[in-house]
Each structure stands twice: as structure tokens, then as C-alpha cells.
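In case you want the letters, here they are:
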Amino acid sequence: IFIYVQYILGGLPLLALLANPLCLRYAPATLHLCCSCCEEGVERTPRRRGNTNTESVVRYDLQHSVVARYLRFVPLDWNGEGQIGLRIEVYGCPYWADVINFDGNGVISYRFKNKKMKTLKDVISLKFKTSESEGVIFHGEGQQGDYITLELKKAKLTLQLNLGSNQYGSIYGHTSVTTGSLLDDHHWHSVVIERYGRNINLTLDRHMQHFRTNGEFDHLDLDYELSFGGMPFSGKPSSSSRKNFKGCMESINYNGNNITDLARRKKLDTSNVGNLSFSCVEPHSVPVFFNATSYLQLPGHPNQDVMSVSFQFRTWNPNGLLLYCTLADGLGMVQIDLNDGKVSVHINVTQTKKSRIDISSGSSLNDGQWHEVRFQAKENFAMLTIDGDEASAVRTNSPIQIKTGNQYYFGGYMRRINASVLAPTLRSFQGCMQLIYVDNQLVDLHSLEQRKVGSFENISIDMCAIIDRCMPNHCEHGGKCTQTWDNFKCNCDGTGYSGATCHNSIYEQSCEAYKHLGKTSDSYWIDPDGSGSLGHFKVYCNMTDDKVWTTIIHDLQPQTSVSGSTPEKPKELQLNYSASMDQISAITFSAEHCEQHISYSCRMSRLLNSPDGTPYTWWVGKGNEKQYYWGGSAPGIQKCACGIERNCTDPRFSCNCDADNKQWRKDTGLLSYKEHLPVSQLVIGDTSRSGSEAKLAVGPLRCQGDRNYWNAASFNTPSSYLHFSTFQGETSADISFYFKTSATYGVFLENLGNADFIRLELKSPTHISFSFDVGNGPIELLVRSPSPLNDDQWHHVVAERNIKQASLQLDHIYKEVRQAPAQGHTRLELYSQLYVGAAGGHRGFLGCIRSLKMNGITLDLEERAKVTPGVNPGCSGHCTSYGMYCQNGGTCVEKYNGYSCNCSKTAFDGPFCTKDVGAFFEAGTWIKYSIPQPPIANLTREDLSLSFSTTNTPSILMYIGSHIQDYIAVVLRTLQIRYNLGGMKEAFKIDLDHRNVANGQPHSLNISRHKRDIQLQLDHYPPVNYALPEAADIYFNLTKTLFLGRVVETGKLDPELIQKYNTPGFVGCLSRVQFNQIAPLKAALGSRSISPVHIQGELVESNCGASPLTIPPMSAATDPWHLDSASPDFPLNEERVIPDGVNRNSAIIGGVIAVVIFTILCTLVFLIRYMFRHKGTYHTNEAKGAECADNADAAIMSNDPNFTETIDESKKEWFI
């Protein structure tokens, strides 16, 4: 069918065209057309004369409306009379439908042939249009609790369904789904409900939503009838609060029954309908639309003592000017506005001391729904009522005098208003109004349209251009959408996502990613698919030296006891994990290796072996598949670990428990076939016999590695590329990857459509470009790096595009954001393949791309590179970018899929060499470290460091000896460093100015020597330099052993060192101990079987001696070591210079101390001579069993099995 109507427009240019399903509109001349009709085979071309200027309006209302599928607007050429025209063509097909008008007072009941209707499948379809936001469209219910209801709630369509009660109560089966928005627009909307069992398809205006109902039943049991247009009068009392539907329906179809046709032929009960009409009644309300520059000026009845105004409005904006008018005789003005979602009335009066009266009512009125405002004012009285709620109306009895003016401004005001009159505080309103009453008279907006009354500017009559920007909800991952008239905003709080549409996960994708951010072992939230639908969950990340383990726990208690199960009635144990199975599958899929420990302890309880071959016990893994192998075995082999290793208790069986012994046995091992993990259920079937019992334990799921994070490809030629399927990112797209290159430019990736495209490229050595086109013209975002990007270092790129904005970020620092246009195309439509590494007409990329993720999906670059010429899987050179994370002297080790830190030559441990290695020394504990042979000769440089804390003195912290008499020692009475390198009669000593560091606090000490130059640093103080005397040797020769805590050595030792500091030994904490590349304490706490370390006493691992390096320097006022405010230097000097030449107080105190020390020394000499008067030898150690040995060397050999030194009997000291 072809229909057209032609209009002569009096020589006016064609400016704009607007349309809705029923009426065609020409603006600004505003010609309303309701199409003509034609008889089959007869063409009619009606002509209607239009307006002749831009101010006048010509309106024609034809008798019948036309439902069409396509409209075409054809501007006509100038004719001979100097006029132009507009031709409107309507295309469609024969269409007939019965329409039923519901006035909100009754319903149509479709009675079932049988009293009860039990259905597994239902199809219900209809079309409706209404101006009301609330109303029940149809309803049916059954006595067993089943029901189905389709209704409008706040202009949204809600389907409520319950297929029956269950053991949890009928409320558990309740299912409610909402779709659509602003359905009270008096346009036709199509609804189709398709149900098969619990699966539902709800289609509104071709937008389908699929869901499953709650509960356990599949059939819908309804009693007696299905009512259309409202609730049946015999319904439940609680249902009476629901409004009936008011509007029109057509083509109502229930399971093949045409309800509208049955009603027209009076085959249904229509006694409750009231005035049954089979034509759609047009509404009386005419909406008017305001934008930010609009106003509507209406005349009033001046000099009246009562002011009465009412209207309905709808908007998304929280603020706006609704009404403004001035009172007669200069009495003031009245302003009604929307302020933070509330309607407020401001009355400015000039006759009283109180010049302004404010009242407000309502809340959240900017919800897009129609709201009614009624305001009445008279002498000393004003009242504001919202939505007809008289009970909550706001009144005021403030002294005011009312005389109405002659003009009312709605939605804005004329900027040329009299300056002597107080202007409104708000300027405009964005939204719609209808049913405007001024002085109790309804305003005829069509007369206004034809300029017969009032005036207006930039308004649209008989339409409301409101759009629900939150439907569909573009805020992803549960983000809350809020909107204004022009825009919407997503609140992402508590979602775990960020960005303009809550698209980007705030968590890393794996434990591997956390490790390479410098994180240590701890619990972390991860999001394996980033912006995908999986969501985030918590795991434990164990950062070992060379691997990263992801641990996911479950709720099965260890050693869960099971009894009373038989093969016919087995006992089932369910494991519930801290993540969903889809989330766990994402972990296992990307992991290089997964494992889960499983254990079965048994007593007369068989495990796998049974007479018929079916195991007594099995476990269920991924995909609910039964697995008949046990830990330590492999899929397809019905054995336990002992059966594989052939060491079962009974060699006739493949599991220890299958021997059916009365003693407790155990079958345990690792399940490592990751395609079957995790264990989700255990089924036990042999614990019912007398004395039979089993205990089960399942460890957490542990996965190592992340193939997605290190998935990389190397592009070797400018023409090489990888291709993938078309990128699907119509309304929301995110792309992230790492790259490194030495080239100056190149395309990372490109995907094309007919006109749309998306591209990421290295534009120059310092610029990254992200360009795309969704139909509004090409957009390009550029991010500039201050340093060149072709430095062969890894750089991170994140690009995102959604309907609100586009962004490009480089290395988590440099970012550009571009807002999307308010109007225009939003969908990115691509058709070609996705090309990675090159693009048509552009130079390809040379270098490496790693971890390419698009909308949360990692592209497998390595697998595709294996079969693509010019592209190699993997990429080397990770240490160039990540080596900085290896601290404290750790070295970066390159790996195929990453890197690791080698801490073997440091005193630290952990994945980044940052973990303190320390221990607590109890009384009598000491460590001897034998320096590997051959001994190092002629050392001219040493680097020595340690941290300690103790309250006991004297003691030896560290001693490095040699095969000759050279040694270096760090001793503590007051902290002292001793060098004996030969060439001098006694050791060179550095005293730390007699400071007390044995205060129980951790202290760190770093010592470096190069030839004669010594640099020493204690804690956070500045380093201090010293120098060996000229007579001293600069070579530390033939290093032999290193002692911690005490010296237990043979040969000639420094007697002063032994006598003063070696007894009773060190008690306290040591950590970070290192001599050059030797870490003796770390070796002692490591694998002792191969370590050149001997430990005497109890050594407990602890970091109590670690001194944090982040302590800020103390001020002079708070520094307990600071003696002289004029001398802020570090207080470690061999000689302290006194500016005045002599410090008299120090001299007196020093003299007293010298006398006391001399007396103590004389006493000690006397005692020592008395103790050794019989034997006459000087002992250099105090080994246990010395009293039974012939000499000290023999005592050492008897107590130290590692001691193999040949003892020279001549090495003794004799007192004369």
C-alpha cells in the first residue's frame, strides 16, 4: 500500500522534520498531520495549505490515523506560483487489529474451560499505550500460590511470576523482572512473554530479556480466569492497592486465543469493563517541552485576591525554574522552582518586615515521572500540594497580601524583564509540563501554538522529548546510574570497578601481576577477566623466590570423619570455595600448573578397589565429572600414589586402604591434572561395617604461573602481523597491552568496519595514538611521553571507549580523556578481522607486544605466532624493565615468561630480595661458617653489614679470621670495630664514642674498606670515614672462618679480644649479616645438609634484629645521642676535638674512670694467674668436655664433627 499527502508551504524553507508513530510534524511552522487514507486501487492526493510565515501555525486533524511501517519525507521543488511543498509518503502492508479502551474502572476476564489451567508452556502477547505510569495489564493466580502479573510501575514494565511453593516457602519462588522506561508516553509498545518451564523470554519493543524463575517447579497452575486491565474483583485483599490499567490494548493473545476478538464478539465476560469501547480514546493532556533557553508566558486574571496555579511536570534535573510571576501594585513576586529534587515556593513581599517567605515539599521529584504541583495563595495564607497528597500539603500563615499580576512565566522567563522587579534565582527548566491551570482555568496550548494567547520561545508543543539515559543501564558491574536531562553518571562505589561506566576493574588480574608491582605474600583481590563479567574475588598470593602461587580455599574441615556409608547409599561431602566455579576456571585456564592435595585415612574402609571395578570412593571435579583416580596418580589410572610407585602396604592392591586392614592406613598425594580441578565433591561408600571409619582431607587449590600475563609475540618485519576475529565492542571497549620497541613508529592493532574503525599506534618516538570513528567523524587521542618510547623497555598502554568518553593512558601516568558528544552515534560497528602488528596503508610494528587484552579477554598471541611467518612467540628482555624490583644486591634472572630475582649472594630472601633473614641467639649459641677453599688471598676490599639488637654485653657480633693472624671483628661492650691486618703490634680499633647500643633496640651497621680507607655507617646517621695507619698492612690474607656470636677457633688469637668479649657469648638478635658475597646467617637457616655452617646451641629464626631503613633522622632536640648542639656530626670518631682545647669536666671524670679500670685490671691479672698456675696454658675457647680432654684442641674435635683442621701442638701460649 502506498499513501502520500502533499502540502503547499507558502514559500517557506524546510527547516526540520520530527515524527512519532501517529503524527508527522513540521517545525517551526508546526504543521500537524494525521495521515489520510485511500481505497484499494484508488489513489487520492489530498492537498492542504500550510503556513505562510514562521510565526503562524496551521493544524489539520484528519478523521482516521494510519499505522505504517515506513515514512518518507520528500521536499517538493518550487512551483510556478513561487511556492514550495512537502510530500509525506507512507509505506506498509494491510493491517487490522481490534483495540480495546480501558478507562481504569473495569477488567476483562478470560475464563478457562476447566476450572484449573496447568501449563508447561505459555505465550502471551499484546500491545498497549497509555499516559498513566501505574496499572495492572493482566493477572492470573492459583490456590497453590502460583501467579503471573504484568503491570506498569513508575512507567516501567514489571513481570512477576511464581510457579509454586516449595520447602523454603512460596516467597522463594517469587521472581520479578523489570524492563523498559517512560512507557507512559502514549505510544504503542509491544510485549511478548514466552515461557517454557522456568525459562522466560520477555520481549518489549524487540528488546528481549532472558531469565530463569526461582523455585523448583516448571508448571504454572492458575485457577478460573486470567484478567486483563486490572486485578479481578475476587482477588486477594492485599491486591486492592494496585491500580487498574487506563489506556488502550490491541492484539491480546493468550496461548493462541485472540482475546480482543473474543471481546469484540462478546465471547468474554465484559460485565466488569464499564464503558467497553473498541476505539482508542486520545488523552486530553497536551505536553509542552522546555529546553535550557525556553519560556512560556501565559496571561492571568490581574488584581485577584486569590492566586491559584497547578500543573504537572517531569524532568531529570534536580534544579529548575517552574513558575515565575510578579504581583500587582508592586506587592512582590512568586517563584516556584525545583531545588535538589524538592518543589520550593519563594514569595518576596514588600509590605512586611519579613521580606521573603519560603515553603517546600516533596523529595526526589526529578525521577522522570509526572508530578503534580498545586499552589494557592491569598491574604495571610499559602499552601503547596504535591501529587494530590492533601495530608502532606505545606501551609503558611505568614502575613502576605496577594494581588495577581497579568503574566505568568513557566519554565523560564523573558530576559528583557523590568529591571525594577526582582529577577528569579533560577533561569530555566529542562523538562516537560502538561495540564497547566492558571486561576483555575486549563490553558489551551493549541491556541497558544497559533499565537492566539500568550507567547513562547523555543518550546515544542504536543510532545515531550524526555529520554531515559539509564535505560538500558550503561553502568556496568552493578554501578548505579543517575542522570540529568542531558547526561548520565555512574556511581561505582563498592563495585570493585572504576571509570565513566564502571567498566575497568580496580584489581589486578592475577597474583603474578601483583608480584611485578613489588607486592609480597598476602591476601589480594584479583579479577582474572578485567572488565568481563566474572567479577573479583579474594585469593592468597604466595610469592616464592621463583614462582607465584595462587591459593583458593574451601570450607571442608581437615580430617573430616565419615561413617555409615554404603555403596548403595554413599555419603557426599560438598566443597564450597571462596570463588565461583567460573572464576576458578579462569584461574586454572591461565595457570601453568595447578595442584590440590587429597588424603584418605582409613580403617577397614576400602578406597578404589571393588569386586565390580566401580570404586567405593571417588571425587567430582570440574564440570561435575566423576574421577576415579586418587592423589599421586593420573587420569584413566584407577590407582593411588603407592600403586604408581609400587610401595603399597599390600602389593596385591593399588591403594593402601584397599588392603582393608584394621590398622589406620593412608592414601595421599597431589591431584595435578588442572583440567579436572578443583575437587567439588567427595563420595564415600565403604564405612558402614563394624569398626570401619574414614577421614578425608582436601587441601586448597594451588595454581602457579599466569600464561595470560606473559603471553607475548615478537614482530620481526614491518609487514608481519597476527589476525583474530572481529572485535566486539559496540558500546564499550577497552584495550590494554605492554609493548617494547626500538622503532620510531608502527601500528599496534587495527579493526575496520564500513566506515567505523579503531586503531592504536606508535605515532612517533614520544606519542601514542588512539583513534576511532563510530559515525560522528574520526576522533584521535594523543598521549605524549617526556622520554622516548623506543627505548626497548616495557611500556603499558590502556585505551577505553564508551558512550560517555574515550581515554588513553600510558604507563599508569600520562592520560588523555575526550568526552563523547551529547548527541550522535554511539555504536562501534566493525566487520573486518582484527589485525595486530600491522594495518592497511600503515607501517607495521617492530618489537614485542605482551598481555594483549580486549574487553577482558586475553588474545593468545603466542599460539597464533607459532603458525605465522615473521612473528615469533614469546619475548626476551624482561630484566631491562623489571630488574629494578630486585633490591639489596639481588640480580635479575631472565626467563622465557618473566623474570626472577637471584638473592643467593645477598643477606636477604623473598621474591625481590627484601625479606630480612635473622635469628635469635640464646645463651651459648654460636655459628661457624667455613669460607670455601681455596682461601682468598690479598683482599683489599671488604663490605660488611649486619643488624643487631641486644641488652647483654660484652659479646662478639662477628669475627672473620684467617689462616694467619689477620682478622676483622665487630665487638660489643661499647660498639667497636677491630682490624688486624698485620704490620702493627695490636689491632686498629674504631670506638663508636662509647655509645650504648645494647639498649634492646635494633641497630644496623655497614662497614666498607678499600685499602686504607674505611667508611662506617650506624643506623640512619651519615657515613663517617676513617683510615688505617700507614704502618698497617692493606691486605686481608687467607680468609678462613667467620663466627657469629662467639669465637671458637684454634691457633693464636688476640688475647684481648678473647678475654674481654668472648665470654659469655652473644645473646640477642642478628639479621642481614653479610661479608662480601657471603651470607652466613642465611646459610645457617637454609639447607644445612650442604651448607658449610656449624651451629652450636639453639638458633631460632626471627627478624627481631632488623633495623628499618625508613627511620627519619632525629633532630638535635630529640636525639638522645646528641651531646653538643653546635656539633651535629655523626658521633663516631677516634678522637673528639674540643674547641676550647680542654674539657675540664671530661678530664676529671676520665681520671676517676682510669683509676677504677686500673684497679679492675690488676685484680683480673691476679685471678688469671691463680687459675692457670698448675697447667700454665692459655685456653682460646670454652668447648664442652674440656675438663675431660687433654687440651682445648681435643675438646673442640670431640664436640665439633665438622672440625678437620690439623692441630699443631706447638701453637700454645705459655706464661712466664
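Below you will find a few notes about this structure. (Residues numbered from 1 in each chain as written. Predicted model: local features only at pLDDT ≥ 70, side-chain atom pairs only at ≥ 80, totals over all residues. Heavy atoms only, no water.)

### So, the overall build of the protein chain
Along the protein chain, the regular secondary structure elements total 11 helices and 81 strands. Taking all 1216 residues of the protein chain together, the buried fraction comes to 49%. Of all intrachain contacts in the protein chain linking residues separated by at least 6 positions in sequence, the fraction that spans at least 24 positions is 67%. Roughly 58,500 Å² of accessible area belongs to the protein chain as shown, and the carbon and sulfur atoms make up 50% of that amount. (Helix = DSSP H or I, 4+ residues; strand = E, 2+ residues; numbered from the N terminus. Buried < 20%, exposed > 50% of the residue type's maximum accessible area, 1.4 Å probe, protein only. Contact = heavy atoms within 4.5 Å. Areas by Shrake-Rupley, 256 points an atom, 1.4 Å probe, with all protein chains shown as cover.)

### Digging into the state of the cysteines
Considering all chains together, one arrives at 13 disulfides under this definition. With its sulfur 1.9 Å from that of its partner, C432 forms a disulfide with C464. Disulfide C432 to C464: torsion about the S-S bond roughly 95°, handedness right-handed. One end of the pair, C432, is in strand β31 (residues 431-438); the other, C464, is in the loop between β33 (455-461) and β34 (480-483), with 32 residues separating them in the sequence. In this structure C432 comes out as buried when scored by relative accessible area, which is 0%. What pairs with C640 in a disulfide is C655, and their sulfur atoms sit 2.0 Å apart. In this structure the cystine formed by C640 and C655 twists about its S-S bond by roughly 85°; its chirality is therefore right-handed. Placement of C640 in the loop between β45 (626-627) and α5 (641-645) and of C655 in the loop between α5 and β46 (665-671) is noted, with a sequence separation of 15 residues between them. (Disulfide = S-S within 2.5 Å.)

### Here we look at the side chain of T950
Checked against the element boundaries, T950 lands in the loop between β70 (941-949) and β71 (955-962). Since its relative accessible area comes to 3%, T950 is described here as buried. Within polar-contact distance, the side chain of T950 engages the backbone nitrogen of N952 at 3.1 Å. (Polar contact = N/O pair within 3.5 Å; in protein donor to acceptor, adjacent residues only side chain to side chain.)

### Some thoughts on the pattern of salt bridges
Applying the stated rule across the entire model yields 32 salt bridges. The partner of R603 in a salt bridge is E693, and the shortest N-O contact between them spans 3.2 Å. Within this pair, whereas R603 is found in strand β43 (residues 593-603), its partner E693 is found in strand β48 (residues 693-698), the two being separated by 90 residues in sequence. By relative accessible area, which is 27% here, R603 ends up partly exposed. Residues K866 and E863 are paired through a salt bridge, measuring 3.5 Å at the closest nitrogen-oxygen approach. Several salt bridges share partner residues, and in doing so they unite D98, D261, R264 and R265 into one network. (Salt bridge = Lys/Arg side-chain N within 4 Å of Asp/Glu carboxyl O.)

### Things to note about the sheet that holds strand β12 (residues 147-153)
Taken in spatial order, the 6 strands make up an open sheet running β9-β18-β11-β12-β13-β14, and their pairing is antiparallel. Strands at the two margins of the open sheet, each flanked by one partner only, are β9 (108-119) and β14 (175-179). Here the average twist between neighbouring strands, direction ignored, is 15°. Pairing between β9 and strand β18 (residues 220-228): 8 bridges, direction antiparallel. (Pairing = 2+ DSSP bridges. Axes fitted to C-alpha atoms, helices over the stretch in contact; angles between N-to-C directions.)

### Here's the deal with the nonpolar core
Of all hydrophobic cores here, the largest spans 49 residues; its most connected members are L975, L1070 and L1081. Per-element tally for this core: the top contributor is helix α9 (residues 1080-1085), with 4 residues. The residues contacting L1070, other than those within four sequence positions of it, are V917, G918, A919, F921, L946, S947, F948, L957, L1044 and L1081. F290, M307, Y408 and L445 belong to the second largest nonpolar core, which has 44 residues in total. (Core = buried A, V, L, I, M, F, W, Y, C linked by side-chain atoms within 4.5 Å.)

### Re the pairing of strand β76 (residues 1013-1018)
Of the two faces of β76, the one holding I1014, L1016 and L1018 is buried and the one holding D1013, Q1015 and Q1017 is not buried anywhere. Of the pairings in the sheet, the one linking strand β75 (residues 1003-1010) to β76 comprises 6 bridges and is antiparallel in character. Following the sheet pairing, N1006 is matched in β76 by Q1017. Two successive antiparallel strands, β75 and β76, enclose a turn made up of 2 residues, where K1011 displays a positive phi of approximately 60°.

### Quick look at helix α4 (residues 581-590)
Because the α-helix completes a turn every 3.6 residues, residues three or four places apart line up on one side. Taken as a whole, α4 has its buried residues at Q583, I584, A586, I587, T588 and S590. Turning to α4, the residues buried within the fold contact β38 (522-526), β39 (537-543), β40 (548-552), β43 and β49 (701-704).

### Notes on unusual backbone geometry
Note the cis peptide between L677 and P678, where omega equals 10°. Here P678 lies in the loop between β46 and β47 (681-684). The omega torsion across T953 and P954 is 0°, close enough to zero to call that bond cis. Turning to its location among the elements, P954 is positioned in the loop between β70 and β71. The residue D439 is not glycine, and still its phi comes out positive at about 55°. In this structure, D439 sits in the loop between β31 and β32 (441-442). At H477, a residue that is not glycine, the phi angle is positive and equals roughly 55°. The residue H477 is located in the loop between β33 and β34 in this model. By relative accessible area, H477 is classed as partly exposed at 24%.

### A closer look at a nonpolar patch on the surface
A grouping of I1153, V1156, I1157, I1160, L1161, L1164 and L1167 is seen on the molecular surface, where their side chains present a nonpolar patch of about 600 Å² in accessible area. Relative to the helices and strands, I1153 is located in helix α10 (residues 1144-1171). (Patch = residues over 30% accessible without salt bridge, like charges linked within 9 Å, V, L, I, M, F, W, Y side chains within 5 Å.)

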